[in-house]
Amino acid sequence: MHANTKLVNWLLFSLLSIIWGSSFILMKAGMTALSAYQVAAIRMLSAGLVLLPIVVKQFIQPLSPKESPSNSLISQSLLEKTILREKMGLIILSGLLGSFFPAFLFCIAETRIDSSLAGILNALTPLFTIILGALFFQLEVNFLKMSGVITGFAALVLLFISGGHANMQDIGYASLVLIATILYGLNVNMVGKHLKGVGSVTIAAFAFAFLIPPSLAVLWYTGYFKFDLLMENILLSTAASAVLGIFGTAIASILFYMLVKRAGTLFSSLVTYGIPFVAISWGLLYNETISLLQVICLGVILSGVWMVNKGSRQIKQP
């Protein structure tokens, strides 16, 4: 059973790496005809709409006349709804911290900085997860955990520097990605500590449902609805943004919430280290060259992930 649990955790880890690793290409495709604000808003809107039926079902599904509140299954359902009402504020906050604000921050930042620099800064998420977890969420950190995170981050920095693409200009825009990683780290800890009693799908569904109105407001304010939405470039950019929302946000968020509750906060945040593998795969498809140093860096990144996973088993997470 323990082996099966580890296998499922690594499967979730891999799926999230593939989905989020492909998000950068979809963001670029979206911003060929739309603004950064519009791409981020469509991403959030499509995620909310695809999960909206789950929210509707939660509210309108009545009890069968043959069912009694004393029935154990019904009692469990009522208990879950009670917990959901109590945690609704945290669920909405999770959607804002873990998806809404970072979506806009990343899109705006990538209008001025290289995607490689954004990838490097995004890898700060595990470090902020440790710092915020230790300061505010009683997360226990041992030497092996910290060493694994630092090893993975150092290798990731070297990976992008070896490609010669790192650019430290536009520090103000780069700081937007830094803020996003802080929000990610805060959200990871909050979900792991305070939302254990709520189902993964339910968290994602309600979080994104509440993001529909602000997303529509952004699209209206930026003039998106004044475009000829049947124009090929607008249609393609909208489609790319919607796919990003459905897969890169809605489905990925469900998988991520599952991983946080199954494997813990720190291991879940290390998904950021799997993203370069997908990015390099996309590069190979476009005939980009991969150096031996880059391959070595990837091996070091994996060793960092293993160290943190090993450290997580040595201490009991809160």
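In short, a report on the structure. (Residues numbered from 1 in each chain as written. Predicted model: local features only at pLDDT ≥ 70, side-chain atom pairs only at ≥ 80, totals over all residues. Heavy atoms only, no water.)

## Topic: empty space enclosed by the protein
Logical step 1: Taken as a whole and judged by the stated rule, the model has 1 cavity of 30 Å³ or more.
Logical step 2: There is about 480 Å³ of room inside the largest cavity.
Logical step 3: Surrounding the largest cavity, 27 residues form its lining, Trp20, Arg43, Gly98, Asn122 and Tyr184 being those nearest its centre.
Logical step 4: Per-element accounting of the lining of the largest cavity gives the leading share, 6 residues, to helix H4 (residues 72–109).
Logical step 5: When the residues that make up the lining of the largest cavity are grouped by side-chain class, the tally is 13 nonpolar, 13 polar and 1 charged. (1 Å grid on protein atoms, 1.4 Å probe; cavity = no way out; pocket = protein on both sides within 12 Å on 5 of 7 lines; lining within 4 Å. Points joined across faces, edges and corners; volume = space filled by probe spheres on them. Helix = DSSP H or I, 4+ residues; strand = E, 2+ residues; numbered from the N terminus. Nonpolar A, V, L, I, M, F, W, Y, C, P; charged D, E, K, R; others polar.)

## Here's the deal with the packing of helix H8 (residues 171–194) against helix H11 (residues 232–263)
Logical step 1: At their nearest, the axes of H8 and H11 sit 9 Å apart, and the two run at 60° to each other. By the angle between their directions, the pair H8 and H11 is classed as oblique. Relative to H11, the crossing made by H8 is right-handed. From H8, Asn187, Val188, Val191 and Gly192 reach across to H11, where they touch Phe256, Tyr257 and Val260.
Logical step 2: Its residues assigned to classes, the contact of H8 with H11 comprises 5 nonpolar, 2 polar and no charged. (Axes fitted to C-alpha atoms, helices over the stretch in contact; angles between N-to-C directions. Parallel < 35°, antiparallel > 145°, perpendicular 65-115°, else oblique. Left-handed = near helix turned anticlockwise from the far one by under 90°. Contact = heavy atoms within 4.5 Å.)

## Overview of the environment of alanine 40
Logical step 1: Relative to the helices and strands, alanine 40 is located in helix H3 (residues 36–60).
Logical step 2: Under the relative-accessibility criterion, alanine 40 is labelled buried at 0%.
Logical step 3: Residues alanine 40 and glycine 245, spaced 205 residues apart in sequence, show a C-alpha to C-alpha distance of 8.5 Å.
Logical step 4: If sequence neighbours within four positions are ignored, alanine 40 has contacts with Ala103, Phe104 and Cys107. (Buried < 20%, exposed > 50% of the residue type's maximum accessible area, 1.4 Å probe, protein only.)

## As for the packing of aromatic side chains
Logical step 1: Applying the stated criterion to the full structure yields 8 aromatic pairs.
Logical step 2: Taken together, the ring pairs connect Tyr37, Phe100, Phe101 and Phe104 into an aromatic cluster. (Phe/Tyr/Trp six-rings, centres within 6.5 Å; stacked < 30°, edge-to-face > 60°.)

## Thoughts on helix H10 (residues 212–221)
Logical step 1: Buried within H10 are the following residues: Ile212, Ser215, Val218 and Leu219. Buried positions in H10, seen along its axis, are confined to an arc of 125° and lie on one side of it. Exposed residues lying more than 90 degrees from the buried face of H10 are Pro213, Trp220 and Tyr221.
Logical step 2: Positive phi shows up at glycine 223, right after H10, with a value of about 80°. (Arc of directions from axis to C-beta.)

Any link to function would need more than the numbers given here.
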